Protein chains: 2
Amino acid sequence: MGLSKSDFFSEEQNELAAMLKALGHPARVAIMQFLVKQSSCICGDIVDVIPLAQPTISQHLKELKAVGLIQGTISGNAICYCVNPDKINFLQAAIGEFIPLNQACDPNSSCC
Amino acid sequence: MGLSKSDFFSEEQNELAAMLKALGHPARVAIMQFLVKQSSCICGDIVDVIPLAQPTISQHLKELKAVGLIQGTISGNAICYCVNPDKINFLQAAIGEFIPLNQACDPNSSCC
DNA sequence: ATTCTTTATCGTAATATTGCAATATACAAA
DNA sequence: TTTGTATATTGCAATATTACGATAAAGAAT
């Protein structure tokens, strides 16, 4: 159906999935990397760095903003985007929970 | 177009995005959480835990397997899935790089 | 006021994803 | 060999995503 049965899953599962999904596109990964590299939020030149049309970039930024991974504030003419470290920390911790602490069989064993 | 211009982006960007995308669905998040909770790869009962039809679960497992996040080995009749900690570690490190080290403006400043 | 610059929105075509019923495959058990 | 159990594949309908041209909106600069 193309629609996930998000009603069943928990709030946490849905939010985590939404954030991961937002990052699950090379253009958005590239945007994040660029913003971090700037180490400041003097922005507006993302379009020059990524070979996608301006409306497309705007759309990708919107998606990253929607899940809180980046923030944008109006600065006169331009808009100033920067990464929200809190969300990244949350993501990193959530991913860390996917590491099995005491996995009974290691990936090289006969089982896995 | 629905097709990302993945030719432009680097191998790393594409691979990272693919892994994040694979996790970007609540059902697949739930599968990962279940596999980790098992702390062993005695599997086969994922279908009982997640309210999706067996072919749908199989498809989700296939996607997680395709990016290497999980591994499955045939164990007689059933198939034994378990998490690949290496890939999780890779992901966690990659996400960590999204944290701005010396961001010139903090999210509460006038800028961001 | 007009023009330029920057970002957002709308509309839309191409493609991808999600979900499942039906069916296939593969091994185990009887 | 037949039956049962576990997983995969196929086919398809519903929906979502991606990309971009055209256009709008909003402030800056002249």
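Caption draft 1: Molecular detail of the overall build of chain A. Looking only at helices and strands, chain A has 5 helices and 2 strands in total. Secondary structure elements in chain A, listed N-terminal to C-terminal, are α-α-α-α-β-β-α. Counting the 112 residues in chain A, one finds 46% classified as buried. A separation threshold of at least 6 residues defines the contact pool for chain A, and within that pool the share at least 24 residues apart is 48%.

Caption draft 2: Just the nonpolar core, in detail. In terms of nonpolar packing, the biggest core is built from 64 residues, with A:Leu23, A:Met32, A:Leu69, B:Leu23, B:Met32 and B:Leu69 touching the most fellow members. Once you skip the residues sitting within four places of it in the chain, B:Leu69 turns out to touch B:Met19, B:Ala22, B:Leu23, B:Met32, B:Leu64, B:Cys82, B:Val83, B:Asn84, B:Lys87, B:Ile88 and B:Leu91.

Caption draft 3: Spatial organisation of the packing of helix α1 (residues 11–23) of chain B against helix α5 (residues 85–96) of chain B. Residue and element names in this part refer to chain B. Packing of α1 against α5 brings their axes to within 11 Å, and their N-to-C directions diverge by 105°. Overall, the two elements α1 and α5 adopt an arrangement that is roughly perpendicular. Counted together, Glu-15, Leu-16, Met-19, Leu-20 and Leu-23 of α1 and Lys-87, Phe-90, Leu-91, Ala-94 and Ile-95 of α5 form the full contact between these two elements. Residues that form the contact of α1 with α5 fall into these classes: 8 nonpolar, no polar and 2 charged.

Reading the values: rules and limits
Residues numbered from 1 in each chain as written. Chains lettered and ligands numbered in written order. Predicted model: local features only at pLDDT ≥ 70, side-chain atom pairs only at ≥ 80, totals over all residues. Heavy atoms only, no water. Helix = DSSP H or I, 4+ residues; strand = E, 2+ residues; numbered from the N terminus. Buried < 20%, exposed > 50% of the residue type's maximum accessible area, 1.4 Å probe, protein only. Contact = heavy atoms within 4.5 Å. Core = buried A, V, L, I, M, F, W, Y, C linked by side-chain atoms within 4.5 Å. Axes fitted to C-alpha atoms, helices over the stretch in contact; angles between N-to-C directions. Parallel < 35°, antiparallel > 145°, perpendicular 65-115°, else oblique. Nonpolar A, V, L, I, M, F, W, Y, C, P; charged D, E, K, R; others polar.

Note that every value here comes from positions in space, so none of it alone points to a role or purpose.
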